[in-house]
Structures are given as structure tokens and as C-alpha cells.
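# Residue-level structure breakdown
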Amino acid sequence: MTGREKFLAGVRTALAEIDAEGLTKRERAILSPQGAHVTVAGRELLNLCANNYLGLANHPALIDAARRGMDEHGFGMASVRFICGTQDIHRELEGRIARYLGMEDAILFAACFDANGGLFEPLLGPEDAVVSDALNHASIIDGIRLCKARRYRYANSDMEDLRAQLAQARADGARTILIATDGVFSMDGYLARLPEIVALADAFGALVMVDDCHATGFMGPKGQGTPAHHGVRVDILTGTLGKALGGALGGYVAGPQPVIDLLRQRARPYLFSNALPPAIVTAGLAALDLVEAADDLRARLFENTAFWRAGLAEAGFRLLPGDHPIVPVMLSEAQLAQEMAAALYERGVYVSGFFFPVVPRGQARIRTQMNAALTREDLEFALGAFREAGKAVGAI
């Protein structure tokens, strides 16, 4: 057997083991635009698993803005930003994001995964420390791994453990200490305890970085995110255009001017990736205009969330507590989550099972997500499907 054959045999074995454990992730091709209803394999399904919180992914104003962007600025940049990939609209969007979030400046990336991946290495060296929540998004974890700062981890939202880790970092002589946390923990829908985190940061002379992907656009006044929701200020915010802000792609870091300036010089995903396409940039500008004025959509989103949570609980499903539009239905085992998703698909509801390695073993779930485009009729239909499917697979 050649080296190539041995390698591929090992890959096939790994795939077979994943499948035997019921952990294979399968993708269904959507034949329609993203929305509250989608077409899959010729069937219209109610969609409860997109990050389309405000229902803007197929909004006519964003489509028109994207078309204008291509008409006026072309299709693609064919370059990284510092060579010849920066247009006036890129800087316009960065400034618009910064003003929206109350920051001095912002810098665009291809995705928030890249923003988090490129954040830590330019800012922190071996004399510094990062104190990270144990349930932080994979992009934060990977970004921290790429930097040379000392790493400390605290149990999810455990403020006593955070205090202990900050004290240890200080005792170890850290020059700069950066606390890194999700604003909303995306698998659970839990909000970070930002008032307590900021207070501890002040007590230890630390900085606070928040990934606000699952909050920007709909949490807090004007949808300015979890710091605004809690009435606190943080030092660095990362986020995305790919969820509530239209659902396409693009990420950003917003923060103090010197931080953004250094990232422009040193952040590798920024320096070595093509600039965002003009259509995404102009649609992003239009999305911010819509979102700032979207109090009606935010109100409907949280009305839908309250109705949905109450209905699932009454049906007998085990939910994680909270009031965020992420509503996880806990099923424990991966196979049961897959069976539940398949049973709901047969009943006209599109959801996905979440299981290891996306969540810990034994904590498999269906992560449902509300959006403002769902009607009460949609939710009543979905509750009926959940009750039927839950009984069919033994989940309730």
C-alpha cells in the first residue's frame, strides 16, 4: 500500500467512525432564497434554524443595494486591501459600523471567524495574558492559539473562577490582560454577564473583548448588541454581517483607533485575503440603515421568542432557560437529535441536530432560532409538528 493509499484508508476509517456514532453532518440544498420558508427538494419548509434574526436575508432593499454596488463598483476586488483592494465604500462601511457601535473605528474581514482569528496575535505577546470563557466560539479559541500570550480559561460565566484566573494572570506578571467572551453563547442562547465581567476587568486593570455575532442588530437599543443591552462599555467588539445584518458574509473588529490601525498593519487574515465584494459592502450599508430603525422587527422577534418558548415548554420539551431567540431543545443523544430533525423534516419543518463536536457529548439538541419574519400561524404549525415528531421519536 502506498503512502497515499494508507492516508486515504485512515481518512475513510475516521469517516466510518463518525457515521457509526451517529455524528455525520448532512447538508440539504436549499433551492430558494433564505427566509422564513425555504424550498428543499421541491418542498416548502418552515425554516427554524437560520441566523436570520430580523428576517432581512432576502429583503428587497438589500438586494437593490447589492445590485447598485455591482453596477457602480464592479463584481470583485481581485486584491487584498493594502495593494489595490480598498474602495471608498469599504471605508464608508467601516466608519458606519464604528459609529453604530459607539467605537472609534472598525476594520472589515471576510468573516467574523477571520476577525477573531486575526485579532489576538498582533495585539498580544508572550508578556501578556488572555482569559477566555470555556464556551467561547471556536474562532476565539483558534485566534488565541495563534498568539503567544499566556492562556487562562474560566468556567462558563463563573465570575468567581474569572476572578481567580485574573488574579493568577496578574500574579504571573502579565503586562496586559484581555478577557475574551462571546456576548451570547450560540449553542445555549445564554448572555455573558458583562456588567460583572467589566467590573472585574476594572478591578484588575484588564481589557474586555466581546464577540457579538449573535446579538448585533437585535439586542439592546437600536440593536447595538450585548454591551448596549447591559448598559456597559467594552474595549473591543467583533461581529458579523452574516446574521441579523442581512445574512451574507463579512466580519469586523471595532475598537480604539490604535487597535484598528495595528490590525491593518499586522492582522494576517486582513492582509492576505481579498477585500469584501462591493455588493456585500453596499448591502451592508443598507442593512445598517434598516436595522437602526427596526424597533418593530426587534419587538416581533422577542414576541415570537416568548410564544415559542412557552409552547415548547407546555408540550413537554426540555429547554435551556433564557429569553434570547436561540431556543435549544435538549435531546441528549446525537442519534435522537438526528431522528428528531428527520421527523420534523417529514412534517414540513427545517431544523438541524447539533451534537459532538459542536456541543459536548451527551448534550445533543435541536437548536431552534426565531426570526421576525415568522408569523403566529407559522409558529403554531411548528409547535404541532414538534409535538407530533417528539412523540414519534420518544423525545416527549
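Position numbers for residues start from 1 in each chain and track the written sequence from start to end. Selection of residues for local features in this predicted model requires a pLDDT of at least 70, selection of side-chain atom pairs for listing and counting requires 80 or more, and totals for whole chains, interfaces and linings are taken over all residues. Note: side-chain values were computed over all heavy atoms of the structure, leaving out hydrogens and water.

### A look at helix 12 (residues 278–292)
Secondary structure follows DSSP: runs of H or I at least 4 residues long count as helices, runs of E at least 2 residues long count as strands, and numbering of each begins at the N terminus. For a helix, the expected span equals 1.5 Å multiplied by the number of residues minus one. Between the first and last C-alpha of helix 12 there are 22 Å, a value that for 15 residues agrees with the 21 Å anticipated at 1.5 Å per step. Type-normalised accessible area, obtained with a 1.4 Å probe on protein chains alone, sets the label of each residue: buried when under 20%, exposed when over 50%, and partly exposed for intermediate values. Buried residues of helix 12: Pro 278, Ala 279, Ile 280, Val 281, Thr 282, Ala 283, Gly 284, Leu 285, Ala 286, Ala 287, Leu 288 and Val 291, and no others. Contacts were defined at the residue level, with two residues in contact if any of their heavy atoms lie within 4.5 Å. Summarising the contacts, the buried residues of helix 12 are in contact with helix 2 (60–73), helix 4 (88–101) and helix 13 (295–315).

### Some thoughts on a nonpolar patch on the surface
Taken together, the side chains of Phe 7, Val 11, Leu 15 and Ile 18 make up a nonpolar region of the molecular surface, amounting to roughly 370 Å² of accessible area. Locating Leu 15 in the fold gives a position in helix 1 (residues 3–20). Take Leu 15: its relative accessible area is 53%, and that puts it in the exposed class. Each patch is built from salt-bridge-free residues with over 30% relative accessible area, joining like charges within 9 Å and nonpolar side chains (Val, Leu, Ile, Met, Phe, Trp, Tyr) within 5 Å. Here the Shrake-Rupley method, with its probe set to 1.4 Å, supplies the accessible areas, and only the displayed protein chains count as covering residues. Any carboxyl oxygen of Asp or Glu within 4 Å of a side-chain nitrogen of Lys or Arg constitutes a salt bridge here.

### Digging into the pairing of strand 11 (residues 251–255)
Summarising burial for strand 11: five of the five residues are buried, a large majority. Across the two faces of strand 11 the burial is the same, with Gly 251, Val 253 and Gly 255 and Tyr 252 and Ala 254 all buried. What makes two strands pair is DSSP finding at least two bridges between them. Relative to strand 11, strand 10 (residues 236–240) runs antiparallel, the two being bridged by four bridges. Bridge pairing links Thr 238 to Val 253 in strand 11.

### A word on helix 13
Three- or four-residue spacings in an α-helix give side chains the same orientation, since the helix completes a turn every 3.6 residues. A rise of 1.5 Å per residue sets the reference length of helix 13, with its 21 residues, at 30 Å; its end C-alpha atoms lie 30 Å apart and thus fit the reference within 8%. Buried residues along helix 13 sit against helix 12, strand 12 (326–332), strand 15 (364–369) and helix 15 (376–393). Within two residues after helix 13, Gly 316 carries a phi angle of roughly 105 degrees, on the positive side.

### Points about the packing of aromatic side chains
Think of it this way: a Phe, Tyr or Trp ring, Trp meaning its six-membered ring, pairs with another when their centres are within 6.5 Å, and the plane angle makes it stacked under 30 degrees, edge-to-face over 60, tilted otherwise. Applying the stated rule across the entire model yields four aromatic pairs. Seen in terms of ring centroids, Phe 109 and Tyr 270 are 5.9 Å apart; in terms of plane orientation they differ by 65 degrees. Their pairing is edge-to-face. Remark: Tyr 270 occurs in helix 11 (residues 268–271) and Phe 109 occurs in strand 3 (residues 105–109); sequence separation between them is 161 residues. Here Phe 109 and Tyr 270 have matching classes, each one buried. With a centroid separation of 5.7 Å and 85 degrees between ring planes, the pair formed by Phe 317 and Phe 386 is classed as edge-to-face. One end of the pair, Phe 317, is in the loop between helix 13 and strand 12; the other, Phe 386, is in helix 15, with 69 residues separating them in the sequence. Note on Phe 386: relative accessible area 0%, which makes it buried. Members of the aromatic cluster, each reached through a chain of ring pairs, are Trp 308, Phe 317 and Phe 386. Over a ring means this: the NZ of a Lys or the CZ of an Arg is within 6 Å of the ring centre and within 35 degrees of the ring normal. The residue whose ring lies beneath Arg 28 is Tyr 345, and the NZ or CZ to ring-centre distance is 4.0 Å. Between the NZ or CZ atom of Arg 43 and the centre of the ring of Tyr 345, over which it lies, the distance is 5.0 Å.

### Points about the domain arrangement of the chain
By a widely used convention, the size of an interface equals the accessible area lost when the partners come together. What the domain assignment reports for the chain is domain 1 (22–57 + 294–393) and domain 2 (77–276). What marks off one domain from the next here is an automatic or database domain assignment. One C-alpha centre belongs to domain 1, the other to domain 2, and the line joining them spans 28 Å. Contact with domain 1, which involves 21 residues of that partner, is made by 17 residues of domain 2. Once two parts are put together, the accessible area they lose, assessed with a 1.4 Å probe and summed over both, is termed the buried area. Buried area between domain 1 and domain 2, summed over both chains or domains, comes out near 1,600 Å², and the portion from carbon and sulfur atoms is 60%. Counting the contacts that link domain 1 with domain 2 gives one salt bridge.

### A closer look at the environment of Ala 293
Of note, Ala 293 is situated in the loop between helix 12 and helix 13. A relative accessible area of 61% means that Ala 293 is categorised as exposed. Ala 293 sits 261 residues away from Ser 32 along the chain, and the two C-alpha atoms are 27 Å apart.

### Side note on the environment of Leu 241
Within the secondary structure layout, Leu 241 lies in the loop between strand 10 and strand 11. Overall, Leu 241 belongs to the buried group, its relative accessible area being 2%. Taking the C-alpha atoms as reference points, Leu 241 and Ala 155, 86 residues apart in sequence, are found 29 Å from one another. Aside from chain neighbours lying at most four places away, what touches Leu 241 is Leu 93, Ile 97, Gly 246, Gly 247, Ala 248, Leu 249, Gly 250 and Leu 276.

### Quick look at the pattern of salt bridges
Inspection of every chain in the model, using the stated rule, returns 17 salt bridges. One salt bridge in this structure joins Glu 94 and Arg 264, with 3.1 Å as the shortest N-O distance. Here Glu 94, found in helix 4, pairs with Arg 264, found in helix 10 (residues 257–266); they are 170 residues apart in sequence, far enough to count as distant. The class for Glu 94 is buried, based on a relative accessible area of 0%. According to the relative accessible area criterion, Arg 264 is buried, its value standing at 16%.

### So, the environment of Gly 311
As for its position among the elements, Gly 311 is in helix 13. Along the sequence, Gly 311 and Arg 99 sit 212 residues apart, while their C-alpha atoms lie 39 Å from each other.

### Concerning empty space enclosed by the protein
Buried and open spaces are told apart on a 1 Å grid over the protein atoms alone, a cavity being a set of points where a 1.4 Å probe fits but cannot get out and a pocket being an open set with protein on both sides within 12 Å along at least five of seven lines. Residues with an atom within 4 Å of a point are the lining residues. Grid points are joined across faces, edges and corners, and a volume is the space filled by probe spheres set on the points. Scanning all chains against the criterion turns up one cavity of 30 Å³ or more. Arg 81, Leu 108, Phe 109, Ala 110, Pro 269, Tyr 270, Ser 273, Asn 274, Ala 275 and Leu 276 are the residues that line the largest cavity. Elements with a contribution of two residues or more to the lining of the largest cavity: strand 3 and helix 11. Ten residues, namely Ala, Val, Leu, Ile, Met, Phe, Trp, Tyr, Cys and Pro, are considered nonpolar, four, namely Asp, Glu, Lys and Arg, are considered charged, and the remaining ones, Gly among them, are considered polar. When grouped by side-chain class, the residues that make up the lining of the largest cavity number seven nonpolar, two polar and one charged.

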